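Breakdown of the fold
Each chain is listed here by its residues.
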Amino acid sequence: MKSSTLLVILSLQAVLVMGIFAAVAKENAVGEIKAIDINPGQLKCCTNCNFSFSGLYTCDDVVKKCDPVCKMCVAVQSYTGCKQFRCADTFLGMCGPPCPKN
């Protein structure tokens, strides 16, 4: 009886793993999942560098002008009325050293 129980458990695990691989292959074939565009550069400075457990970083600093290294600079709402921007790039490793206080 022990060997038949083990065989059933191993069969169910194999079916589960094949189902997961099939789901991942289907998503990649349809194009629902996009790869993250990682910026290989480093910002001149970033005070609010956010770390994710995947090892990727994003900088949440709001500035008057984006760093030249930034590939995707997005406008953000400002209460002061002047245009401000945030670099929406994803970095592998640190974003940059902390910015000096003005």
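See the structure above.
**Points about the sheet that holds strand E2 (residues 49-51)**
Paired through backbone hydrogen bonds, the strands of a sheet run either parallel or antiparallel to each other. Ordered by their spatial adjacency, 4 strands build an open sheet running E1-E6-E3-E2, and the pairing between neighbours is mixed. This sheet does not close on itself; its edge strands, each paired only once, are strand E1 (38-39) and E2. Pairing of E2 with strand E3 (residues 56-59), which is carried by 3 bridges, proceeds in the antiparallel orientation. Bridge pairing links Phe51 to Tyr57 in E3.

**Remarks on the pairing of E3**
From the end of E2 to the start of E3, which pair antiparallel, there are 4 residues, and Gly55 there has a positive phi angle of about 90 degrees. As paired elements, E3 and strand E6 (residues 90-92) share 2 bridges and run antiparallel to each other. Among the inter-strand pairings, Leu56 is bridged to a residue of E6, identified as Leu92.

**Digging into the side chain of Asn39**
Mapped onto the fold, Asn39 is located in strand E1. One polar contact links the side chain of Asn39 to the main-chain amide nitrogen of Gly41, over a distance of 2.8 Å. Not counting residues within four places of it along the chain, the set of residues in contact with Asn39 comprises Val69, Cys70, Lys71, Asp89, Thr90, Phe91 and Leu92.

**A closer look at the nonpolar core**
Membership of the largest hydrophobic core is limited to 9 residues, which are Leu43, Cys46, Tyr57, Cys59, Cys66, Cys70, Cys87, Phe91 and Cys95. In this view, Cys70 contacts Asn39, Leu43, Cys87, Ala88 and Asp89; residues no more than four positions away in its chain are not counted.

**Section: the side chain of Asp67**
Locating Asp67 in the fold gives a position in the loop between E3 and strand E4 (73-76). Buried charge without a salt bridge: Asp67, with Lys44 as the nearest opposite-charge side chain at an N-O distance of 5.8 Å. In terms of polar contacts, Asp67 uses its side chain to reach the backbone amide nitrogen of Lys44, at 2.7 Å. Within polar-contact distance, the side chain of Asp67 engages the backbone nitrogen of Val69 at 2.9 Å. With residues near it in sequence (within four places) discarded, Asp67 still touches Leu43, Lys44 and Cys45.

**Concerning the pattern of salt bridges**
All chains considered together, the criterion is met by 1 salt bridge. Arg86 is paired through a salt bridge with Asp60; the nearest N and O atoms lie 3.6 Å apart. With Arg86 in strand E5 (residues 84-87) and Asp60 in the loop between E3 and E4, the pair connects residues that are 26 residues apart, well separated along the chain.

**Things to note about the state of the cysteines**
Here the structure, examined in full by the defined rule, presents 5 disulfides. Disulfide pairing places Cys46 opposite Cys59 at an S-S distance of 2.1 Å. Between Cys46 and Cys59, the S-S dihedral sits near 110 degrees, and the bridge is therefore right-handed. In this pair, Cys46 sits in the loop between E1 and E2 while Cys59 sits in strand E3, placing the two residues 13 residues apart along the sequence. The same class applies to Cys46 as to Cys59, namely buried.

The rules we used
- All residue numbers here refer to positions counted from 1 along the written sequence of the relevant chain.
- The model is predicted, so local features are restricted to residues of pLDDT at least 70 and side-chain atom pairs to those at 80 or more, both for listing and for counting; the totals for chains, interfaces and linings are taken over all residues.
- Side-chain figures throughout are based on the complete set of non-hydrogen atoms in the structure, without hydrogens or water.
- A pair of strands counts as paired when DSSP detects no fewer than two bridges linking them.
- Every helix listed is a DSSP run of H or I at least four residues long, and every strand listed is a run of E at least two residues long, numbered separately from the N terminus.
- Under the rule applied, a polar contact is a pair of N or O atoms within 3.5 Å (in protein, one hydrogen donor and one hydrogen acceptor; residues adjacent in sequence only if both atoms are side-chain atoms).
- By definition in these notes, contact holds between two residues if any of their heavy atoms fall within 4.5 Å.
- Here, nonpolar core means buried Ala, Val, Leu, Ile, Met, Phe, Trp, Tyr and Cys residues that are tied together by side-chain atoms lying within 4.5 Å of each other.
- For every residue, the accessible area obtained with a 1.4 Å probe (protein chains only) is divided by the maximum for its type, and the residue is called buried under 20%, exposed over 50%, and partly exposed between those limits.
- Residues scored as positive are Lys and Arg, those scored as negative are Asp and Glu, and His as well as the terminal groups of each chain are ignored.
- A carboxyl oxygen of Asp or Glu within 4 Å of a side-chain nitrogen of Lys or Arg is what we treat as a salt bridge.
- Whenever a pair of cysteine sulfur atoms sits within 2.5 Å, that pair is classed as a disulfide.

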